[in-house]
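Here is how the chains run, residue by residue.
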Amino acid sequence: MKDKTIDYILRTTWLAVNKMYNEEASQFGTTMATGFALLSIDPDDGTPSTSLGPKMGMEPTSLSRTLKTMEEKGLIKRIPNPEDGRGVLIYLTEFGKEKRAYSREKVLTFNETIKNNVSQEELTNFYKVAEVINNMISNKQIYNQKEHSIK
């Protein structure tokens with residue numbers, strides 16, 4: 001993998017993880033996006049719908065589709081936010097809580113399996129590199145938009 005670019009490794013690894021989770025989820029008629037949403041919703045206090053998109057890194061259109069499907073499957077219920085009449089709180093149903101536990105188990109299995117196959121030092125370095133990449137992107141340190149605009 002030495003001759004591959006960093007973005008190539010990130011992309012192909014994420015696609016492999018995504019495919020793995022979707023294959024697992026498809027056995028239960030669902031998707032990775034649904035599992036991720038279940039894990040992002042507070043199981044006790046619910047979660048404002050406006051905070052879910054940023055929390056999950058999803059665009060509003062994709063999130064709306066995912067939430068609609070989850071509601072149709074009986075995983076969530078939407079309740080008007082008593083503190084903000086314009087907002088909606090997303091709560092897990094009992095069925096949603098069951099599926100959340102299943103999703104959590106799958107994520108923990110993945111994490112434990114990886115941890116059992118790499119050293120703590122390698123894992124620490126992986127986290128450090130990922131943090132550097134995320135910070136550089138967030139702070140626009142890779143591409144300065146003004147310098148790279150198409151003329």
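Cut-offs used in this document
- Residues numbered from 1 in each chain as written.
- Predicted model: local features only at pLDDT ≥ 70, side-chain atom pairs only at ≥ 80, totals over all residues.
- Heavy atoms only, no water.
- Core = buried A, V, L, I, M, F, W, Y, C linked by side-chain atoms within 4.5 Å.
- Buried < 20%, exposed > 50% of the residue type's maximum accessible area, 1.4 Å probe, protein only.
- Helix = DSSP H or I, 4+ residues; strand = E, 2+ residues; numbered from the N terminus.
- Contact = heavy atoms within 4.5 Å.
- Pairing = 2+ DSSP bridges.
- Phe/Tyr/Trp six-rings, centres within 6.5 Å; stacked < 30°, edge-to-face > 60°.
- Expected span 1.5 Å × (residues − 1).
- Patch = residues over 30% accessible without salt bridge, like charges linked within 9 Å, V, L, I, M, F, W, Y side chains within 5 Å.
- Areas by Shrake-Rupley, 256 points an atom, 1.4 Å probe, with all protein chains shown as cover.
- Salt bridge = Lys/Arg side-chain N within 4 Å of Asp/Glu carboxyl O.
- Arc of directions from axis to C-beta.

Asker: Lay out the nonpolar core in plain terms, naming residues and giving numbers.
Answerer: Core analysis: the biggest nonpolar cluster contains 13 residues, and Ile 41, Leu 52, Leu 67, Met 70 and Ile 76 have the highest contact counts within it. Breaking this core down by element, the ones donating at least two residues are helix H2 (32-40), helix H3 (49-56), helix H4 (60-72) and strand E3 (88-92). For Ile 41, the contacting residues outside a window of four places in its chain are Thr 47, Leu 52, Met 70, Ile 76, Ile 90, Leu 92 and Arg 100.

Asker: Tell me what's going on with the pairing of E3, and back it up with residues and numbers.
Answerer: Where strand E1 (residues 47-48) meets E3, two bridges bridge the pair, whose relative direction is antiparallel. Along E3, the bridge assignment pairs Thr 47 with Ile 90. Across five bridges, the pairing between strand E2 (residues 76-80) and E3 is antiparallel. In the strand pairing of E3, Ile 76 is matched with Leu 92.

Asker: With reference to specific residues and values, describe the packing of aromatic side chains.
Answerer: One pass over the structure, following the stated rule, counts three aromatic pairs. An angle of 55° between the planes, with centres 5.8 Å apart, marks the rings of Tyr 21 and Phe 110 as tilted. Here the residue Tyr 21 occupies a position in helix H1 (residues 6-26), and Phe 110 occupies one in helix H5 (residues 94-115), the gap between them amounting to 89 residues. Relative accessible area serves as the criterion here: at 25%, Phe 110 is assigned to the partly exposed category. Where Phe 126 meets Tyr 127, the ring centres are 6.0 Å apart and the plane angle is 55°; that geometry is what we call tilted.

Asker: I'd like a rundown of helix H6 (residues 120-138), residues and numbers included.
Answerer: For H6, spanning 19 residues, the distance from its first C-alpha to its last is 27 Å, which sits close to the expected 27 Å at 1.5 Å a residue. Count one or two residues on from H6 and you reach Lys 140, which has phi positive near 50°.

Asker: Any details on the sheet that holds E2? Residues and values, ideally.
Answerer: With antiparallel pairing, three strands are arranged side by side in an open sheet as E1-E3-E2. Strands with a single pairing partner mark the edges of an open sheet, and in this sheet they are E1 and E2.

Asker: Residues and numbers for a nonpolar patch on the surface, please.
Answerer: On the surface, a nonpolar cluster with roughly 480 Å² of combined accessible area is contributed by Val 132, Met 136, Ile 137, Ile 142 and Tyr 143. Take Tyr 143: it is sitting in the segment after H6. Using a relative accessible area of 54% as the deciding quantity, one classes Tyr 143 as exposed.

Asker: Just give me the short version of H5, but keep the residues and values in it.
Answerer: With 22 residues, H5 extends 31 Å from end C-alpha to end C-alpha; this agrees with the ideal 32 Å at 1.5 Å per step. When we look at burial in H5, the residues that qualify are Gly 96, Arg 100 and Ser 103. Down the axis, H5 shows its buried residues gathered within 70° of arc, on one side only. For H5, exposure combined with an orientation more than 90 degrees from the buried face picks out Glu 94 and Glu 98. On its buried face, H5 is in contact with H2 and E3.

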